[in-house]
Amino acid sequence: MATILDSVNQRTQLVGENRLELLIFRLNSQQLFAINVFKVREVVKVPHLNSLPGSHINVKGVASIRGVSIPVIDLRTSIGMKETGINELSNLIVTEYNGSVQAFLVGQVMNIVNMTWKDIQPPPDQVGKNNYLTAICEIHRDNQKQLVGIIDVEKVLANIIDYNIKISDELLNRDISQHLQGHKILIVDDSPTARNQIKSTLAQIGIEVFEANNGQQAYNLLDQWCNEGKTVTDEILMMFTDAEMPEMDGYRLTHKIRHDPRMSNLYITLNTSLSGSFNEAMTVKVGCNKFISKFQPDLIVEVVHNRMMEKLAEQNP
């Protein structure tokens, strides 16, 4: 099963073209679920799990994989489904999010499908805010269309890991902080959990936010301001955008902004759970000003401080 992802490093050309590849799997049910291949290290059969007394109810234990101890999270129970245990179809999907490595216990792993973000849609509003999906899509399988739910892994992890949004006193006490009061920032992310984390961080320094669920929604907002005769950089200090989003990803969004003279000078920070030198290279390629991996409150504030100092310097040369 590990060989299913052997070619993942050759697939990076899809990013930046508003495309992605999804790893399709089941959770011991007929329904299909998926996560992005770029967050997956490997897929392995379930080894012996060592128990962790006192751990979160959804953490099934720790697995030793290639000499590394990795926590194992039951993805089925994490999204509110009834526990079914481990069977012959069970697998571990080893992933990396926000610089941490964890394995998700799933059922049968099916295959990898190549998609375009335009084919990925947000969940219907009628499903409510407590669902664990960032998006849905349809794939052709067994000569019929099947619905696939793309898991909001950041929400799953946030329910297990206590992410601290407290900003260090050193940053809060900087002289530059007084200049931030009332400024606005655009946050673009398909995960409500991720948006709320950034929003709560920025609220501590007096920053107000606009929110967009995906790149297309964000671009439409910027385009609306321009059509109304507004200057984008007067409306917002900067923009934080995720990389992976339905309809239009963060790379494509940045590319469109940079090629639109009405908004091309907007300061853009790519803020994503995808880490590594590849994303840093993509940041340069599409024209982002900065790349930071989620979730680092002090680093978020540091980026905002630096942008504010740049803006003050522009106003007082």
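What counts, and at which threshold
Residues numbered from 1 in each chain as written. Predicted model: local features only at pLDDT ≥ 70, side-chain atom pairs only at ≥ 80, totals over all residues. Heavy atoms only, no water. 1 Å grid on protein atoms, 1.4 Å probe; cavity = no way out; pocket = protein on both sides within 12 Å on 5 of 7 lines; lining within 4 Å. Points joined across faces, edges and corners; volume = space filled by probe spheres on them. Helix = DSSP H or I, 4+ residues; strand = E, 2+ residues; numbered from the N terminus. Nonpolar A, V, L, I, M, F, W, Y, C, P; charged D, E, K, R; others polar. UniProt positions renumbered as here; feature names shortened; annotations may be inferred. Contact = heavy atoms within 4.5 Å. Pairing = 2+ DSSP bridges. Axes fitted to C-alpha atoms, helices over the stretch in contact; angles between N-to-C directions. Phe/Tyr/Trp six-rings, centres within 6.5 Å; stacked < 30°, edge-to-face > 60°. Buried < 20%, exposed > 50% of the residue type's maximum accessible area, 1.4 Å probe, protein only. Lys NZ or Arg CZ within 6 Å of the ring centre and 35° of its normal. Salt bridge = Lys/Arg side-chain N within 4 Å of Asp/Glu carboxyl O. Parallel < 35°, antiparallel > 145°, perpendicular 65-115°, else oblique. Left-handed = near helix turned anticlockwise from the far one by under 90°.

If you check an unreviewed UniProt entry, the chain appears there as Chemotaxis protein CheV from Photobacterium angustum.

Chemist: What am I meant to see in empty space enclosed by the protein here?
Modeler: Rolling a probe over the atoms, with the probe sized like a water molecule, indicates the empty space that remains. One pass over the full model with this rule turns up four cavities of 30 Å³ or more. Reported here for the largest cavity is a volume of approximately 210 Å³. Lining the largest cavity are 20 residues, with Lys39, Thr134, Ile151, Asp190 and Glu244 sitting closest to its centre. Every element with two or more residues in the lining of the largest cavity is listed here: β1 (19-26), β2 (32-36), β10 (133-141), β11 (144-151) and α2 (153-158). For the lining of the largest cavity, the class distribution of residues is nine nonpolar, three polar and eight charged.

Chemist: Would you explain the UniProt feature "modified residue: 4-aspartylphosphate" (unreviewed entry) in the chain in this entry?
Modeler: Mapped onto this numbering, the UniProt entry gives "modified residue: 4-aspartylphosphate" (unreviewed entry) at Asp242. Topologically, Asp242 is positioned in the loop between β14 (238-241) and α7 (250-258). Look past the residues within four positions of Asp242 in its chain and what remains in contact with it is Val188, Asp189, Asp190, Gly250, Leu270, Asn271, Thr272 and Lys294.

Chemist: Help me understand the sheet that holds strand β13 (residues 208-212) in this model?
Modeler: Picture the strands of a sheet paired through backbone hydrogen bonds; they go either parallel or antiparallel. Sheet architecture is open: five strands sit in the order β13-β12-β14-β15-β16, paired in parallel fashion. Two strands in the sheet have a free side with no partner beyond their single neighbour: β13 and β16 (290-293). The mean angle between the axes of side-by-side strands here comes to 20°, regardless of whether they run parallel or antiparallel. Taken together, the five bridges between strand β12 (residues 184-188) and β13 define a ladder with parallel strand orientation. Bridge assignment links Leu186 to a residue of β13, and that residue is Phe210. Docked against the sheet, helix α9 (residues 297-315) engages β12, β14, β15 (268-272) and β16, running at close to 155° with respect to β14.

Chemist: I keep staring at the packing of aromatic side chains and nothing clicks. Help me out?
Modeler: The geometry of an aromatic ring pair is captured by the separation of the ring centres together with the interplanar angle, meaning the angle of the planes. This model, assessed by the stated rule, comprises one aromatic pair. Ring plane angle 70° and centroid distance 5.1 Å describe the contact between Phe210 and Trp225, whose orientation is recorded as edge-to-face. Here Phe210, found in strand β13, pairs with Trp225, found in helix α5 (residues 215-227); they are 15 residues apart in sequence, far enough to count as distant. Residue Phe210 is classed as partly exposed on the basis of its relative accessible area of 26%. Here the basic side chain of Lys155 rests over the ring of Tyr132, its NZ or CZ set 4.6 Å away from the ring centre. Across the ring face of Tyr219, the terminal group of Lys256 is positioned such that the distance to the ring centre comes to 4.5 Å.

Chemist: Which parts of the structure should I look at to understand the pairing of strand β7 (residues 91-97)?
Modeler: Across a regular strand the side chains alternate sides, sitting on one face of the sheet and then on the other. Along β7, six of the seven residues are buried, which leaves the element largely enclosed by surrounding structure. The sheet contact formed by strand β3 (residues 40-45) and β7 spans five bridges and is antiparallel. Within β7, the position partnered with Val40 by the bridge is Thr95. Where β7 meets strand β8 (residues 100-106), seven bridges bridge the pair, whose relative direction is antiparallel. When the bridges of β8 are listed, Leu92 appears paired with Leu105. Where β7 folds back on β8, the antiparallel hairpin that results is connected by two residues, among which Asn98 adopts a positive phi of roughly 55°.

Chemist: How should I be thinking about the pattern of salt bridges in this particular structure?
Modeler: All told, the structure shown has 18 salt bridges when counted by the stated rule. With a closest N to O distance of 2.6 Å, Glu83 and Lys60 form a salt bridge. Taken together, the residues Glu83 in the loop between α1 (75-78) and β7 and Lys60 in strand β5 (residues 59-65) connect sequence positions 23 residues apart. Here Glu83 falls in the partly exposed class, since its relative accessible area comes to 46%.

Chemist: Teacher, can you tell me more about the packing of helix α4 (residues 192-203) against α9 here?
Modeler: Working note: a packed helix pair is described by the angle between its axes plus the distance between those axes. Contact pair α4 / α9: the axes reach a minimum separation of 10 Å and the direction vectors enclose 60°. Taken together, α4 and α9 sit at an angle that is classed as oblique. In the crossing of α4 with α9, the sense of the turn from one axis to the other is right-handed. Along its contact with α4, which presents Ile198, Thr201 and Leu202, the element α9 presents Pro297, Ile300, Val301 and Val304.

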